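Descriptive structure summary
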Amino acid sequence: MKILVATTNPGKLEELSEMLGDMPATIEWLSLRDFPDVGEVEEDGTTFAENARKKALGYAKATGLWTIADDSGLVIDALGGDPGVYSARYAADECDSRDRKAIDVANYKKALRLLADVPDAKRTARFKCCLCLANGDGNILLETDGAVEGVINHSPVGDNGFGYDPIFYIPALGKTAAQLENHEKNKISHRGNAIQQFKPLLQSLLNSPEYKDI
Ligand code: ITT
């Protein structure tokens, strides 16, 4: 059974691959690197769930494979929920680089700038993640979501992770997400939370009479 993990983001792929690694060996996990000619699916939905569905359905139709997609982002209360579904391209108007690290830095610097005068008590935020599994016939097979609460730091700290991790401070751990090793982040993260729910559901689906012989 082949399943495609459809993300263009290497940080997400690394985390998802690590967390899916303990699923049965009968599953062969593929990534978009195995499909260099597949075009990118447009993400014009207004919610994480809608975009996760669009990506899962789009890549599943393009490849004919069962496909998992992740749509995620940072929701900052003092910014009215921004960057939200625009997290990946929040600073697009002020950074024309195609380098992922440069884009990440421009994105979090924009958030820090807009929050410059916001006091600690009002810097609450959360990462959210929606996962969706679809098949090549255009059916949604599974959906889960997860979140992790934090506070936006005044400056970036830490070198691990990706995206907004350096400015996302988790009070319970006394660290930013970028100060966590992958396995520590996966235990508490929005993506980790969504995957923990996802794995047993996928397992039941694979054991069900309908899909047992796929
Ligand atoms: P794909 O759509 O190809 O999966 P993407 O990076 O464009 O890759 P999204 O549209 O879901 O994915 O945008 C998610 C953005 O939210 C991501 O680029 C980061 O800026 C941010 N983000 C999501 N999860 C994060 C995490 O665990 N740590 C830090 N930033 C995260």
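Here the structure is shown first, and the text comes after it.
Residues numbered from 1 in each chain as written. Predicted model: local features only at pLDDT ≥ 70, side-chain atom pairs only at ≥ 80, totals over all residues. Heavy atoms only, no water.

**Let's talk about the overall build of the chain**
- Regarding its fold elements, the chain presents five helices and seven strands.
- Reading the chain from its N terminus to its C terminus gives the helix and strand order β-α-β-α-β-α-β-β-β-β-α-α.
- At 17 Å, the chain has a C-alpha radius of gyration in line with the 17 Å of a compact globule built from 214 residues.
- Residues counted as buried form 49% of the 214 residues belonging to the chain.
- Considering only contacts within the chain whose residues lie at least 6 apart along the sequence, 62% involve residues at least 24 apart.
- With the model as given, the accessible surface of the chain reaches about 10600 Å², and the carbon-plus-sulfur share is 49%. (Helix = DSSP H or I, 4+ residues; strand = E, 2+ residues; numbered from the N terminus. Rg over C-alpha atoms; globule rule 2.2 N^0.38 Å. Buried < 20%, exposed > 50% of the residue type's maximum accessible area, 1.4 Å probe, protein only. Contact = heavy atoms within 4.5 Å. Areas by Shrake-Rupley, 256 points an atom, 1.4 Å probe, with all protein chains shown as cover.)

**Some details on the sheet that holds strand β3 (residues 66-76)**
- One open sheet accounts for seven strands, arranged β2-β1-β3-β4-β5-β6-β7; its pairing is mixed. Whereas interior strands pair on both sides, the edge strands pair on one side only; in this sheet they are β2 (28-31) and β7 (175-176).
- Along the sheet, helix α2 (residues 48-63) makes contact with β1 (2-5), β3, β4 (124-134) and β5 (140-152), crossing β3 at roughly 155°.
- Contacts from helix α5 (residues 190-207) reach β1, β2, β3, β4 and β5 within the one sheet, and its direction differs from that of β5 by about 165°. (Pairing = 2+ DSSP bridges. Axes fitted to C-alpha atoms, helices over the stretch in contact; angles between N-to-C directions.)

**So, the site of the ligand**
- Close contacts around the ligand come from 21 residues, with Thr7, Thr8, Lys55, Asp165 and Lys185 the closest.
- With respect to the ligand, the side chain of aspartate 165 contributes an N or O atom lying 2.7 Å from a nitrogen atom.
- One of the side-chain nitrogen or oxygen atoms of histidine 190 is found 3.1 Å away from a nitrogen atom of the ligand.
- Protein chains shield 96% of the accessible area of the ligand, which is 610 Å² for the free molecule.
- Only β3 and α5 provide two or more residues apiece to the shell around the ligand.
- Take the shell around the ligand: its biggest share by element is four residues, from β3.
- Looking at the shell around the ligand, its residues break down into four nonpolar, eight polar and nine charged. (Near = heavy atom within 4 Å. Polar contact = N/O pair within 3.5 Å; in protein donor to acceptor, adjacent residues only side chain to side chain. Nonpolar A, V, L, I, M, F, W, Y, C, P; charged D, E, K, R; others polar.)

**Details of the nonpolar core**
- In this structure, Ile3, Trp66, Leu131, Leu133, Phe198, Leu202 and Leu205 are the most contacted members of the largest nonpolar core, which totals 22 residues.
- For this core, the elements supplying multiple residues, two or more each, are β1, α1 (10-20), β3, β4, β5 and α5.
- With six residues, the single largest contributor to this core is α5.
- Aside from chain neighbours lying at most four places away, what touches phenylalanine 198 is Ile68, Leu131, Cys132, Leu133, Leu142 and Thr144.
- Tyr108, Ala111, Leu115 and Ala125 belong to the second-largest nonpolar core, a separate cluster that totals 19 residues. (Core = buried A, V, L, I, M, F, W, Y, C linked by side-chain atoms within 4.5 Å.)

**Topic: the pairing of β3**
- Buried residues dominate β3, accounting for eleven of its eleven residues.
- Every second residue of β3 is oriented toward a common face, with Trp66, Ile68, Asp70, Ser72, Leu74 and Ile76 on one face and Thr67, Ala69, Asp71, Gly73 and Val75 on the other, all of them buried.
- Bridging between β1 and β3 involves three bridges; their strand directions are parallel. Note on β3: the bridge partner recorded for valine 5 is isoleucine 68.
- Summarising the sheet, β3 and β4 pair through ten bridges and their orientation is antiparallel.

**Looking at the side chain of aspartate 71**
- You can see aspartate 71 is positioned in strand β3.
- For aspartate 71, the side chain forms a polar contact with the side chain of lysine 55, separated by 2.9 Å.
- Leaving out residues up to four positions away in the same chain, aspartate 71 has contacts with Lys12, Glu43, Thr47, Phe48, Asn51, Ala52, Lys55, Val85, Lys128, Cys129 and Cys130.

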